Amino acid sequence: SKIPRERYATANEMADDLNLALGRKITSTSQYPMINAGTHLSDLLQQAAEEETASATNVPKTLRDAQPTIHREARRPSNAALWLGGAAALLAFVLIALVFSRADDTSLPVTPEATQPLQQPGIATVLEGEVELGETAIPSSEEIALASARLGSGFIAYMACNRTSEYHARQAREMGDFAARYGLSYRVYESNNDAYTQLTEIERARSDGASALIICPLDLALIDEALRSAQDAGLPLVFLSSGNENYGGVLLAGDDYRMGTTAGQAGGVIAQIEGMTTPRVIILDYPEMPILVTRADGLETGFLEVLPDAEIIGRYLGATRENGRASVQALLDEGVEFDVILSINDAGAFGAIEALSATGVDPSSVIISSVDAEGLALQYIRTGNFMRASVEIGREQFSFTAINATVKLLAGSTVPETYLVPPGQAVTQEILEARSLATQPVEGGPE
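Parameters and conventions
Residues numbered from 1 in each chain as written. Predicted model: local features only at pLDDT ≥ 70, side-chain atom pairs only at ≥ 80, totals over all residues. Heavy atoms only, no water. Buried < 20%, exposed > 50% of the residue type's maximum accessible area, 1.4 Å probe, protein only. Helix = DSSP H or I, 4+ residues; strand = E, 2+ residues; numbered from the N terminus. Pairing = 2+ DSSP bridges. Right-handed = clockwise from strand over helix to strand, strands pointing away. Phe/Tyr/Trp six-rings, centres within 6.5 Å; stacked < 30°, edge-to-face > 60°. Lys NZ or Arg CZ within 6 Å of the ring centre and 35° of its normal. Expected span 1.5 Å × (residues − 1). Contact = heavy atoms within 4.5 Å. Axes fitted to C-alpha atoms, helices over the stretch in contact; angles between N-to-C directions.

## A word on the pairing of strand E11 (residues 387–392)
Point 1. Among the six residues in E11, five count as buried, and that is most of the element.
Point 2. Pairing of strand E10 (residues 367–372) with E11, which is carried by five bridges, proceeds in the parallel orientation. The residue of E11 that forms the bridge with Val371 is Val391.
Point 3. The parallel pair E10 and E11 is bridged by helix H12 (residues 375–383), and the resulting crossover is right-handed.
Point 4. Summarising the sheet, E11 and strand E13 (residues 426–428) pair through three bridges and their orientation is antiparallel.

Set out below in structure tokens:
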């Protein structure tokens, strides 16, 4: 149309109508066709026909089963879509040429109608099964403005698992810092590691006027109804977990299996260096959260890769300081002997250290390898107090990605189902010493 207000405001809107014209239902799994520049239509048609006769490949059901593919291009469209897409591309080319030819005509008056207004925020499109790196989630200035407009007097609510550990307390604070950078209101709702409390807090946040939820889920089965209600209400949802239903929102995957594997390998190497060939190992797990069970699986696999003859005594409740202390104390009281503790996080390891110290166990006789690399863990590693390694989890990037994903959902953008935040390295005493040397001023140089 020659009249700007009668034309599509965005390419996404035009793509939605094109998909509808092709008989596609626009859902959370919708994805727009893409034809790479320089590719001949006939080649694409031939390739599509060959693919239709090829056998389907198996897709891993979870992030643990296989390293996910980072998708950079859309799925291949159907033959009909390609023909219509080609026609649409030709039409678009003609329209663009017409627009530029009119732009060169200085006799055409410039009216306020020619200025495109800011796009209105809408429902985001979540590409189910798609995985991208968290660093790709950075929103544009327009998306931030759209998110702010949609929030209005509302706010982003973070349903924290707890704030009793350094990791979770810092994560809650970091999210607030990142939200403040974008000028977005943010509140924390404390669950205190209690699933029923979390259910209550989700409802309270909605009553308070929350416009988006970031959730550290404790028991998805328990909060399922509350999440479906939030989904039906159109609230953007971001989960600090993966391998579960997304409820129309986005999952953040910390690649827990890889975290566990890295920590397990580090513990195995340290045990090997200290002359252990058949060490007895206990694992501090948390069976109520599948992603932590996946991390525990990685701990076991990584350790056995280094020392295949090790004896895995069993898995015991961890994840919190109280659980770790109670589990290890019970084993000590029963006279169970072990040489290595692999913990899914530092909090559980801290409780284990308390139990070992209270019983008078020599700090050099038990190796602990964990995940999180909290400040206290680094202090224990530096002094050789049971803890020998802890894997950096990329907490700050995790927090940043959570806020960025929320902004994109609020803005009505197209996002992948999962953002992947890879872990850092396993921190050991040697690495801490090397870092300390690297930060010391050179003699005779500037302080």
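Next comes the rest of the description.
## Observations regarding the packing of aromatic side chains
Point 1. Per the counting criterion, the structure on display carries four aromatic pairs.
Point 2. Geometrically, the ring pair formed by Phe155 and Tyr189 is stacked, given 6.4 Å between the ring centres and 15 degrees between the ring planes. Of the two residues, Phe155 sits in strand E2 (residues 155–160) while Tyr189 sits in strand E3 (residues 186–190), which places them 34 residues apart along the sequence. Tyr189 shares its class with Phe155; the two are buried.
Point 3. One Lys or Arg, Arg187, reaches over the ring of Phe155 and ends 3.9 Å from the middle of that ring.

## Structural notes on helix H8 (residues 256–273)
Point 1. Over its 18 residues, H8 runs 26 Å from end to end, which matches the ideal 26 Å to within 8%, given 1.5 Å per residue.
Point 2. The complete set of buried residues in H8 reads Asp256, Met259, Gly260, Thr261, Ala263, Gly264, Ala266, Gly267, Gly268, Ile270 and Ala271.
Point 3. Those residues of H8 that are buried lie in contact with helix H9 (290–306), strand E9 (340–343), E10, E11 and E13.
Point 4. Where H8 terminates, the next one or two residues include Gly275, which has phi positive at roughly 85 degrees.

## Here we look at the sheet that holds strand E8 (residues 311–317)
Point 1. Spatially, six strands are ordered E8-E7-E9-E10-E11-E13 in an open sheet, and the strand pairing comes out mixed. The strands lining the two open edges of the sheet, one partner per strand, are E8 and E13. Along the sheet, successive strands turn relative to each other by an average axial angle of 20 degrees, direction set aside.
Point 2. Where strand E7 (residues 280–285) meets E8, six bridges bridge the pair, whose relative direction is parallel. If you follow Arg280 over to E8, its bridge partner there is Glu311.
Point 3. Against the sheet, H9 engages E7, E8, E9 and E10, with an angle of about 165 degrees to E7.
Point 4. Strand contacts of helix H11 (residues 346–359): E7, E9, E10 and E11, with the helix running at about 150 degrees to E10, the strand carrying the most contacts.

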